[in-house]
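# Breakdown of the fold
Chain by chain, the residues:
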Amino acid sequence: MSKITAAITAVQGYVPDYILTNQELEKTVETTDEWIISRTGIKERRILKGEGKGASDMAAPAVLGLCKKRGIQPEDIDMLICCTVTGDHIFPATANIITDKIGAKNAFGYDINAACSGFIYGLVTGSKFVESGSHKKVVVVGVDKMSALVDYQDRQTCIIFGDGCGAVLLEPNTEGFGVKDSILRSDGSGFQHLHQKAGGSAYPPSIETVTKKEHHIHQEGQAVFKFAVTNMADVSAEIMEKNNLTSDDVAWLVPHQANKRIIDATARRMGLSDEKVMLNIHKYGNTTSGTIPLCLWEWEDKLKKGDNIILSAFGGGFTWGAIWIKWAYDSKK
Ligand code: UT7
């Protein structure tokens, strides 16, 4: 029997309607549209508005859209992995909430927290279930409602993050398409540079933690930038070398969208021209687990069967990694 690989067979995205522009942020913190664009590449981001709305409210329509596109029912999904750092609740897992909302009665699932590398960690995890033959329709969701964690008085972070969701369906393939190889890494000593201090078991919520704004993102931008730019570029080059892929062989780089300068450095290191780099940071900012599947969704029409695609990310933890995918289908348009 030929080897089973896990192929992406459909992609869907969801972004909320509300657009938070740089001009609007200029009114609330000391910043300028020019500074934000030149330092990050971001022009606007989406924000999920509405009392009681959480990550699952973006994921449910994305996964339903995915099913419709592929012509399957939610009951056909046998596993759903939700990659997020902003799940609806500390527990239970948002994967359970999503499967309940969409009626995916035959799916089991769980959440993966790897910050901005969440989606690539989830994609590798999901692909193992497909490759083993145990599961045939695995949905991997990358979703974050970063607006729930952002301090809109902190100009370092409020300009970067946004809300959004992307989802892919993984199915078995016996022709060699799908996830070909991956490198995943982590280094917990990076904790101090990027985290949310309170709300977990070490510092449970209290009046004091709220007053001290410890439920927001703490990011030491420059330190994170330094690690991100080196590690994302290194791991992307490493997966190419490991698999003897030249820059001509690679059709697309799908980078985590944290900062355009990090993306440019990664593409340069891989020897790729700008035309081969998926970039939507100007529209959505950094949606953490959502960035990579949102890119795949937007570029789906341009992808061709057999394209070599490199996904690459770096995020809190620290976590980082890269995946080589051989794209499995031509878009139907
Ligand atoms: O997604 C996963 C992980 N996250 C990342 O990968 C993010 C990595 N870091 C970054 O993208 C960048 O470090 C930031 C975009 C967060 C900041 O850009 P930077 O070029 O590293 O700026 P900086 O922190 O070095 O600050 C430079 C100057 C400072 O002023 P002084 O000290 O030179 O007077 C800041 O106070 O820019 C100032 N500054 C701002 N000015 C206008 C910081 N934020 C802003 C702002 N508007 N929003």
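Data block above holds the structure.
Description of the structure in this document. (Residues numbered from 1 in each chain as written. Predicted model: local features only at pLDDT ≥ 70, side-chain atom pairs only at ≥ 80, totals over all residues. Heavy atoms only, no water.)

## Notes on helix α5 (residues 118–131)
Given 3.6 residues per helical turn, the α-helix brings residues three or four places apart onto the same face. Given a rise of 1.5 Å per residue, 14 residues ought to cover 20 Å, and the 20 Å separating the end C-alpha atoms of α5 matches this to within 8%. Listed as buried for α5 are Gly118, Phe119, Ile120, Tyr121, Gly122, Leu123, Val124, Gly126, Ser127 and Val130. The positive-phi residue at the C-terminal boundary of α5 is Gly133, with phi of around 90°. (Helix = DSSP H or I, 4+ residues; strand = E, 2+ residues; numbered from the N terminus. Expected span 1.5 Å × (residues − 1). Buried < 20%, exposed > 50% of the residue type's maximum accessible area, 1.4 Å probe, protein only.)

## Here's the deal with the environment of Tyr203
Positionally, Tyr203 belongs in the loop between β9 (194–196) and α7 (207–211). The class for Tyr203 is partly exposed, based on a relative accessible area of 43%. Placed 11 residues apart in sequence, Tyr203 and Glu214 show a C-alpha to C-alpha distance of 9.1 Å. Non-local contacts of Tyr203, meaning those with residues more than four positions away in its chain, are made with Lys197 and Ala198. (Contact = heavy atoms within 4.5 Å.)

## A look at the environment of Gly109
Within the element layout of this structure, Gly109 appears in strand β5 (residues 108–112). The class of Gly109 is partly exposed, set by a relative accessible area of 21%. Taking the C-alpha atoms as reference points, Gly109 and Val139, 30 residues apart in sequence, are found 9.3 Å from one another. Beyond its immediate stretch of four places on either side in the chain, Gly109 contacts Leu80, Ala95 and Asn96.

## Examining the side chain of Lys145
Among the secondary structure elements, Lys145 is positioned in strand β6 (residues 138–145). Lacking a salt bridge, the buried Lys145 has Asp163 as its closest oppositely charged neighbour, with an N-O distance of 6.2 Å. Excluding its chain neighbours within four sequence positions, the residues that come into contact with Lys145 are Leu48, Lys53, Gly54, Met58, Thr86 and Asp163. (Lys, Arg positive; Asp, Glu negative; His and termini not counted. Salt bridge = Lys/Arg side-chain N within 4 Å of Asp/Glu carboxyl O.)

## Section: the side chain of Ser127
Following the sequence through the fold, Ser127 ends up in helix α5. On the accessibility criterion, Ser127 (1% relative accessible area) is buried.

## A few points about the pattern of salt bridges
Counted by the stated rule, this structure contains 14 salt bridges. The shortest N-O distance in the salt bridge between Glu214 and Lys197 comes to 3.9 Å. With Glu214 in the loop between α7 and β10 (217–219) and Lys197 in the loop between β9 and α7, this residue pair connects regions lying 17 residues apart in the sequence. Under the relative-accessibility criterion, Lys197 is labelled partly exposed at 36%. Between Lys283 and Glu298 there is a salt bridge, with its nearest N and O atoms 2.4 Å apart. A residue pair is termed long-range when its members are at least 10 positions apart, and Lys283 in helix α10 (residues 281–284) and Glu298 in helix α11 (residues 291–299) qualify at 15 residues. Its relative accessible area of 27% is what places Glu298 among the partly exposed residues. One salt-bridge network, held together by shared partners, links Lys197, Glu208, Lys212 and Glu214.

## Some remarks on the sheet that holds strand β12 (residues 308–315)
Pairing is mixed in the open sheet, where four strands are placed in the order β8-β13-β12-β11. The strands lining the two open edges of the sheet, one partner per strand, are β8 (178–186) and β11 (250–255). Taken over all neighbouring pairs, the strand axes of this sheet differ in orientation by 15° on average, direction set aside. Examined bridge by bridge, β8 and strand β13 (residues 319–326) share eight bridges and lie antiparallel to one another. Looking at β13, one finds that Gly178 is bridged to Lys326. Packed on one face of the sheet, α5 meets β8, β12 and β13 and runs near 50° to β13. (Pairing = 2+ DSSP bridges. Axes fitted to C-alpha atoms, helices over the stretch in contact; angles between N-to-C directions.)

## Thoughts on the site of the ligand
Taken together, 24 residues form the shell around the ligand, and within it Thr31, Arg39, Gln222, Asn259 and Asn286 come nearest. In this structure, an oxygen atom belonging to the ligand sits 2.7 Å away from a side-chain N or O atom of Arg39. One of the side-chain nitrogen or oxygen atoms of Arg155 is found 2.8 Å away from an oxygen atom of the ligand. Summarising the interface, the protein chains cover 75% of the accessible area of the ligand, which totals 950 Å² for the free molecule. Ranked by residue count, the leading element in the shell around the ligand is helix α8 (residues 221–242), at four residues. Here the residues of the shell around the ligand are counted per class, giving 10 nonpolar, 10 polar and four charged. Taken domain by domain, the makeup of the shell around the ligand includes at least three residues from each of domain 1 (5–176) and domain 2 (180–326). (Near = heavy atom within 4 Å. Polar contact = N/O pair within 3.5 Å; in protein donor to acceptor, adjacent residues only side chain to side chain. Areas by Shrake-Rupley, 256 points an atom, 1.4 Å probe, with all protein chains shown as cover. Nonpolar A, V, L, I, M, F, W, Y, C, P; charged D, E, K, R; others polar. Domains from an automatic or database assignment.)

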